[in-house]
Amino acid sequence: MIPSAFEYEVASSVGETIDMLGRYDDAKILAGGHSLLPLMKLRLAQPSALIDIGRISDLSYVRDAGEEVAIGAGTCHEDVHFDSLLTEHCPIVAHTAGEVGDPQVRHRGTIGGSLCHADPAADLPTVLRTLDAQLVIEGPDGQRMVAAADFFKSLFETDLGPHEVLTEIRVRKLKGAGWSYQKFHPRAQDWAVVGVAVVERDGGAAVGLTSMGETPLRATGVEEALASGEQPADAARRATEGTSPPSDPLGSGEYRKAMVVVFTQRALEEALSR
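Numbering of residues starts from 1 in each chain and follows the order in which that chain's sequence is written. Two thresholds apply to this predicted model, a pLDDT of at least 70 for residue-level local features and 80 or more for giving and counting side-chain atom pairs, whereas whole-chain, interface and lining totals are computed over all residues. With hydrogens and water stripped out, all remaining heavy atoms of the structure feed into the side-chain values.

### Some remarks on the packing of aromatic side chains
Here is the rule we go by: Aromatic contacts are taken between Phe, Tyr and Trp rings whose centres are within 6.5 Å, Trp giving its six-membered ring; a plane angle under 30 degrees counts as stacked, one over 60 as edge-to-face, and the others as tilted. The helix count covers DSSP runs of H or I at least four residues long, the strand count covers runs of E at least two residues long, and both are numbered beginning at the N terminus. Exposure classes here rest on a 1.4 Å probe applied to the protein chains alone. A residue is buried below 20% of its type maximum, exposed above 50%, and partly exposed in between. Geometrically, a lysine NZ or arginine CZ counts as sitting over a ring once it is within 6 Å of the ring centre and also within 35 degrees of the ring normal.
Throughout the structure, instances matching the rule amount to three aromatic pairs. On the numbers, 5.7 Å between centres and 35° between planes, the contact of Phe 184 with Phe 263 is tilted. With Phe 184 in strand β11 (residues 179-184) and Phe 263 in helix α12 (residues 253-273), this pair connects stretches of sequence that are 79 residues apart. Looking at Phe 184, the relative accessible area reads 25%, which means it is partly exposed. Cluster of aromatic residues (ring-pair linked, three or more members): Phe 184, Tyr 255 and Phe 263. We note Arg 266 situated over the ring of Phe 263; from NZ or CZ to the ring centre the distance is 4.8 Å. The residue whose ring lies beneath Arg 274 is Trp 179, and the NZ or CZ to ring-centre distance is 3.8 Å.

### What about the sheet that holds strand β14 (residues 217-218)?
Put simply, the rule is: Any two strands are treated as partners once DSSP identifies two or more bridges connecting them. Working rule for contacts: check all heavy atoms of both residues, and any pair within 4.5 Å makes them a contact. Between the N-to-C directions of two axes lies an angle of 0 to 180 degrees, each axis being a line fitted to C-alpha atoms and, for a helix, fitted only over the stretch in contact.
Strand order in the open sheet made by the four strands is β11-β12-β13-β14, with antiparallel pairing throughout. In this open sheet, the two edge strands, each paired with only one partner strand, are β11 and β14. Direction of pairing for strand β12 (residues 194-201) relative to strand β13 (residues 204-210): antiparallel, over a ladder of seven bridges. Bridge assignment links Gly 195 to a residue of β13, and that residue is Thr 210. The strands touched by helix α10 (residues 220-227) are β13 and β14; relative to β13, the strand with the most contacts, the crossing angle is about 165°.

### As for helix α1 (residues 14-21)
For clarity, the cut-off: Here the arc refers to the directions that run from the helix axis out to each C-beta atom.
Residues of α1 that are buried include every one of Val 14, Thr 17, Ile 18, Met 20 and Leu 21, and no others. Buried residues in α1, looked at end-on, bunch into an arc of 160°, giving them a common side.

### Points about the sheet that holds strand β7 (residues 142-147)
If you trace the five strands from one edge of the open sheet to the other, you get β4-β5-β10-β6-β7, paired in antiparallel fashion. A single partner strand is all that each edge strand has here, and the edge strands are β4 (62-65) and β7. Here the strands of the sheet are splayed against their neighbours by 25° on average, with no regard to which way each runs. Of the strand pairs in this sheet, β4 and strand β5 (residues 68-72) are connected by four bridges, and their pairing is antiparallel.

Take a look at the structure:
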């Protein structure tokens, strides 16, 4: 339970972070540390250096951006959960942040850290994938935008380059659209066995799945069924299409497939009745 040796740097700005990343072959960014440090203790991750960005106050904010809400990548889950702007304009994000871990995790863990860790059992990546969020990334060549759909590449793998930093998340305002995030977990602080995000959209809904594959997934079969006029109970039966859920101590893949149908129906019924 002791990590391998590493260098430690404290960055005071995004630009300095990018410069520091360029000095090492395999540096990792440290924000809240609740995902990275356990991996390092198990030596599943052995970075040559940690670049601490936890003191960059410019990365912690929630701002009105016209048709969107902009969230700094360094904003902790607790601040996202209680932010009045998100509660008004994109309440599914605020609600889901309150479902992450326990109070200690929510006070230290950050929304950007959750996205960059890319654990398929994490809640916020699924919700942001469902919302078609846009992610702002900065690197040596400047700034670029990446859709959440393109950000998650594989298990714990994202579109971030080795010298790039996620700086902001942008979500469109829901303007009264119904929403739901249903999560099944044995204890409050546990990862989701399954989770389902639903956002009402154009007479149907966007539906995202947690812990049903190597990345956050969209349940396109469910979305197609709703668009064709099927009722939530019937549409939910298609939630397993295109999924490859893991088997682990929390449940087998077959168990997850059974549970995701139940939770998809619940999420659809809640979102479409708001």
